[in-house]
Amino acid sequence: MNTEKVTARRLTAEEVSELSRQDEIFVSAEMDGLPLDCYAPASLTEPGKNFEGGSFIARTIFGQEIRVLPDNVEESGIWVADEAGEEIEVLQNAGVLLNLALFVPNGNKESLESLYSAARDAFGAGIVQRWSEEVVAVPDVKVDLFEEPTRGRKNASSQIRDRRALDIYPTRVRFMEPSDGWKFIVEPHKEVVDETPTI
């Protein structure tokens, strides 16, 4: 476990309430609910003034959400970098985890193995790992993907639609998420015909 020493000071609940989501803070490091004896870089999930009851929620750069009561002496609290403070151990970022869904045209075992080998050559044999593998046959069909408001109005025209993506394969929809307050509509693909008169 790689850590670095950072000079920081602990904030009171009143000081935390003045922070924005852009402010860099340090909170107790956790991995899958297991507390670690160090801190992790983090930020508030919303501006400090929006929280009530003295409890704040921070999200670490590793994706963990932690609820903190800054004034509780039994908790590790919320810290901010300050040269006049004390040294704390901060967990370092070891890298980035990529969840990839790869489409391999006419995919077979040999082509998948060559993709895996190329990734290992580029990043190192000890770096690239296959956590799970799902081989799914993809139909040779294209669809149009739209987003529509979840609460549709009566007699709503198609003009309120927001065209999010074109010519996509249906299986790719599984790896996409609609915007807040919107839902996906999948329709058979229609070629766009430009009927603008030309001279």
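Check the entry above for the structure.
Residues numbered from 1 in each chain as written. Predicted model: local features only at pLDDT ≥ 70, side-chain atom pairs only at ≥ 80, totals over all residues. Heavy atoms only, no water.

> What's the story with the overall build of the protein in this structure? I'm lost.
When you go through the protein residue by residue, the secondary structure sums to two helices and 10 strands. Start at the N end of the protein and walk to the C end: the helices and strands fall as β-α-β-β-β-β-β-β-α-β-β-β. Counting across all 199 residues of the protein, residues that qualify as buried make up 26%. Across the protein, contacts joining residues at least 24 apart in sequence account for 58% of those joining residues at least 6 apart. Accessible surface, the protein: about 15000 Å² in total, of which carbon and sulfur atoms supply 49%. (Helix = DSSP H or I, 4+ residues; strand = E, 2+ residues; numbered from the N terminus. Buried < 20%, exposed > 50% of the residue type's maximum accessible area, 1.4 Å probe, protein only. Contact = heavy atoms within 4.5 Å. Areas by Shrake-Rupley, 256 points an atom, 1.4 Å probe, with all protein chains shown as cover.)

> Explain the pattern of salt bridges here, please?
Side chains that differ in charge, positive against negative, can pair when their charged atoms come close. For the coordinates displayed, the defined rule picks out four salt bridges. A salt bridge links glutamate 15 to arginine 9; its shortest N-O distance comes to 3.1 Å. Here glutamate 65 makes a salt bridge to arginine 59, at a shortest N to O gap of 2.3 Å. Here arginine 59 falls in the partly exposed class, since its relative accessible area comes to 36%. Taken together, the shared-partner salt bridges connect Arg9, Glu15 and Asp82 into one network. (Salt bridge = Lys/Arg side-chain N within 4 Å of Asp/Glu carboxyl O.)

> Help me understand the packing of aromatic side chains in this model?
Two numbers describe a pair of aromatic rings. These are the distance of the centres and the angle of the planes. Taken as a whole and assessed by the stated rule, the structure comprises two aromatic pairs. Here tyrosine 39 and tryptophan 79 contribute two aromatic rings whose centre-to-centre distance is 5.7 Å and whose plane-to-plane angle is 65°, an arrangement assigned as edge-to-face. Of the two residues, tyrosine 39 sits in strand 3 (residues 34-44) while tryptophan 79 sits in strand 6 (residues 79-81), which places them 40 residues apart along the sequence. A residue is classified by how much of its surface remains accessible, and tyrosine 39, at 15% relative accessible area, is buried. Ring geometry for phenylalanine 51 and phenylalanine 56: centres 5.4 Å apart, planes at 65°, overall edge-to-face. Note on phenylalanine 51: relative accessible area 15%, which makes it buried. (Phe/Tyr/Trp six-rings, centres within 6.5 Å; stacked < 30°, edge-to-face > 60°.)

> Mind showing me how you'd approach helix 2 (residues 109-123) here?
Residues three or four positions apart in an α-helix share a direction because the helix packs 3.6 residues into each turn. Along its 15 residues, helix 2 runs 21 Å from first to last C-alpha, staying within 8% of the 21 Å computed at 1.5 Å per residue. The first or second residue beyond helix 2 is glycine 124, which carries a positive phi of 115°. (Expected span 1.5 Å × (residues − 1).)

> Can you help me understand the nonpolar core in this one?
Side chains of a nonpolar character, in soluble globular proteins, are inclined to be buried together. Judged by nonpolar contacts, the single largest core of 16 residues is most densely connected at Val16, Ile25, Val27, Phe56 and Ile78. Those elements that place two or more of their residues in this core are helix 1 (13-16), strand 2 (25-31), strand 3, strand 4 (56-60) and strand 5 (65-68). Ranked by residue count, the leading element in this core is strand 4, at three residues. Ignoring sequence-local partners within four residues, the contact set of phenylalanine 56 consists of Ala13, Val16, Ser17, Leu44, Gly48, Phe51, Ile66, Arg67, Val68, Pro70 and Ile78. Judged by nonpolar contacts, the second largest core, of seven residues, contains Val6, Phe26, Tyr39 and Ile88. (Core = buried A, V, L, I, M, F, W, Y, C linked by side-chain atoms within 4.5 Å.)

> Any chance you could explain the side chain of threonine 45 here in plain terms?
Mapped onto the secondary structure, threonine 45 falls in the loop between strand 3 and strand 4. Among the residues examined, threonine 45 registers a relative accessible area of 18% and is labelled buried. Here threonine 45 is in contact with Arg21, Phe51, Ile57, Ala58, Arg59 and Glu65, once residues within four sequence places are set aside.

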